[in-house]
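Architecture and fold: a report
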Amino acid sequence: AVVSTQSTGIHSNYTICDMSNNYIMRDYGRKLLDSAPKNSVVMVEGDMPSLTSRYLRYCEFYREDVDIVDQELIGFAWYKPMHKHIFKHYIFPYDGDLYYKKLLARKGGANVPYTYDFHAVFDAHVQSGIPIYIYPFMKHGDERYKESYDLLPVNMLYKVQHKKQALTVEEFLDLAFEHDYNFNENMDYCNGGLYPERSWENVIAESCGHTAFFPPEHAHRLITENNAHTLKENQATLRRILKLYKRAYDALTVTLPDGTEELMFSAGHNKNYGVLAYLIYSYGPKEDAPKYARIIVQQWETYFNRTGEVDQDGLKGVLKSIHDRYPDILTNPKYDM
């Protein structure tokens, strides 16, 4: 009876415990590395991107042309002596051994001398013609690089771009449309219910594809600087940005077996998608207004349904005016894009 009970328990839990076909970490790490061009440097932040990419790069010899540099670990005195011989492209600025005084102070090394920060790192690589990228974000506190550099979302990574070589919005959109921005086309991976809540797989699943919205939101910020979105000649650019939003939305919307849709991204992206549509609705041709009004209603009502937030930006007032103007906005096919 004891053996039978144990066998039943093993059988019932086997499906949950069986990870033999779980390749999410491998696929995530590969797409991270594949997002980088040939002979480049990727500076990573955090355990998940650092461990997956470094394992693939240095244990499985995947993308041997790419150097992976951990933003956290370069603050330790032992980092350069242990790693300089394996780097093909990464440059230690001024041949300095240590990085960033404040980071060292946080680790108890306040009296240890330092020689460089991220600005110096970027200078060394840009001046040498070595492409350098960031994932998923910069180490907090080291902000001087912003004086001279921008971070452009390119696939899963952020490309370090000198401001003297800044792209126009149209040039950035040309770049954005060249990439898919999702680490895996099999969106089943993005189902957080497949993995234990506190697992790294679940962290990836909850954020997978999140970067798909970074390019349209970056272009969105660029076009609204100096109120450029109000100009008639920029309406075509606004519509191109909207296509990027739609591409991200479609890629990360999964239809479940019962016919309902599951959104694999945060509600804030619904809000931003609607804001961009509102700019076209407000400043574009009046005959196209109903089509963009429909997007506004879809995205903002979804945003409020998902978050339950109190309206602090006057969005619900806009929704009411649209419903009053187009009472059948969500059901009339003539309002489809």
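Nothing here was measured: the structure is a model prediction, and the numbers come from that model.

A closer look at the overall build of the protein chain
Looking only at helices and strands, the protein chain has 13 helices and seven strands in total. Evaluated residue by residue, the protein chain yields a buried proportion of 47% over its 337 residues. At a minimum sequence separation of 6, the contacts of the protein chain that also span at least 24 residues come to 63%. Just so you have it, the protein chain exposes about 17700 Å², and 53% of that area is on carbon and sulfur atoms.

Brief notes about the pattern of salt bridges
In this structure the tally under the stated criterion is nine salt bridges. Note that R63 and D65 form a salt bridge whose closest N and O atoms lie 2.9 Å from each other. A single burial state applies to R63 and to D65, both of which are buried. With a shortest N-O distance of 2.8 Å, K146 and E143 are connected by a salt bridge.

Side note on the packing of aromatic side chains
Summed over all chains, the structure comprises 18 aromatic pairs. Relative to Y135, the ring of Y28 has its centre 6.3 Å away and its plane inclined at 65°; by these criteria the two rings are edge-to-face. Here Y28 is found in helix α2 (residues 24–34), whereas its partner Y135 is found in strand β3 (residues 132–135), with 107 residues between them in sequence. Y135 carries the same exposure label as Y28, and that label is buried.

Some remarks on the nonpolar core
Grouped together as the largest cluster of nonpolar side chains are 65 residues, with contacts concentrated most on V42 and I322. The contacts of V42, once residues within four sequence positions are left out, are L32, A36, V66, D67, I68, V69, Y133 and L157.

Quick notes on the sheet that holds strand β4 (residues 149–154)
Pairing within the open sheet is mixed, and its five strands lie in the order β2-β1-β3-β5-β4. Sheet topology places β2 (67–70) and β4 at the edges, where each strand pairs with a single neighbour. Averaged over all pairs of adjacent strands, the angle between their axes in this sheet comes to 30°, without regard to strand direction. Bridge count between strand β1 (residues 41–44) and β2: four bridges; the pairing is parallel. Among the inter-strand pairings, V42 is bridged to a residue of β2, identified as I68.

Overview of the confidence of the model for the protein chain
A residue-level look at the protein chain finds 84% of positions with pLDDT of 70 or above and a mean pLDDT of 84. Residue range residues 100–109 is modelled with pLDDT below 50. Its contacts to residues more than four positions away, or to other chains, number 24 contacts.

What to know about the side chain of H125
Note that H125 resides in helix α6 (residues 118–128). Side-chain polar atoms of H125 contact the backbone nitrogen of I91, separated by 3.0 Å. Once residues within four sequence positions are removed from consideration, H125 is found in contact with V41, H89, Y90, I91, I130 and I132.

Looking at the pairing of strand β5 (residues 157–162)
Across the six residues of β5, five count as buried, placing the element largely inside the fold. Inspection of the sheet shows β3 paired to β5 by two bridges, in the antiparallel sense. Bridge pairing links Y133 to K159 in β5. In this sheet, β5 lies alongside β4 in antiparallel orientation, the contact comprising six bridges. If you follow L152 over to β5, its bridge partner there is K159. Connecting β4 to the next strand, β5, in antiparallel fashion are two residues, including N155 with a positive phi near 55°.

Quick look at the packing of helix α7 (residues 169–176) against helix α10 (residues 235–251)
Put simply, α7 and α10 touch, their axes get as near as 11 Å, and they point 30° apart. Between α7 and α10, the angle falls in the class roughly parallel. Along this stretch, α7 crosses α10, giving a crossing that reads as left-handed. Across the interface between the two elements, V169, E170, L173, D174 and A176 from α7 touch T237, R240, I241, L244 and R247 from α10. For the contact of α7 with α10, the class distribution of residues is five nonpolar, one polar and four charged.

The rules behind the values
Residues numbered from 1 in each chain as written. Predicted model: local features only at pLDDT ≥ 70, side-chain atom pairs only at ≥ 80, totals over all residues. Heavy atoms only, no water. Helix = DSSP H or I, 4+ residues; strand = E, 2+ residues; numbered from the N terminus. Buried < 20%, exposed > 50% of the residue type's maximum accessible area, 1.4 Å probe, protein only. Contact = heavy atoms within 4.5 Å. Areas by Shrake-Rupley, 256 points an atom, 1.4 Å probe, with all protein chains shown as cover. Salt bridge = Lys/Arg side-chain N within 4 Å of Asp/Glu carboxyl O. Phe/Tyr/Trp six-rings, centres within 6.5 Å; stacked < 30°, edge-to-face > 60°. Core = buried A, V, L, I, M, F, W, Y, C linked by side-chain atoms within 4.5 Å. Pairing = 2+ DSSP bridges. Axes fitted to C-alpha atoms, helices over the stretch in contact; angles between N-to-C directions. pLDDT = per-residue confidence, 0-100. Polar contact = N/O pair within 3.5 Å; in protein donor to acceptor, adjacent residues only side chain to side chain. Parallel < 35°, antiparallel > 145°, perpendicular 65-115°, else oblique. Left-handed = near helix turned anticlockwise from the far one by under 90°. Nonpolar A, V, L, I, M, F, W, Y, C, P; charged D, E, K, R; others polar.

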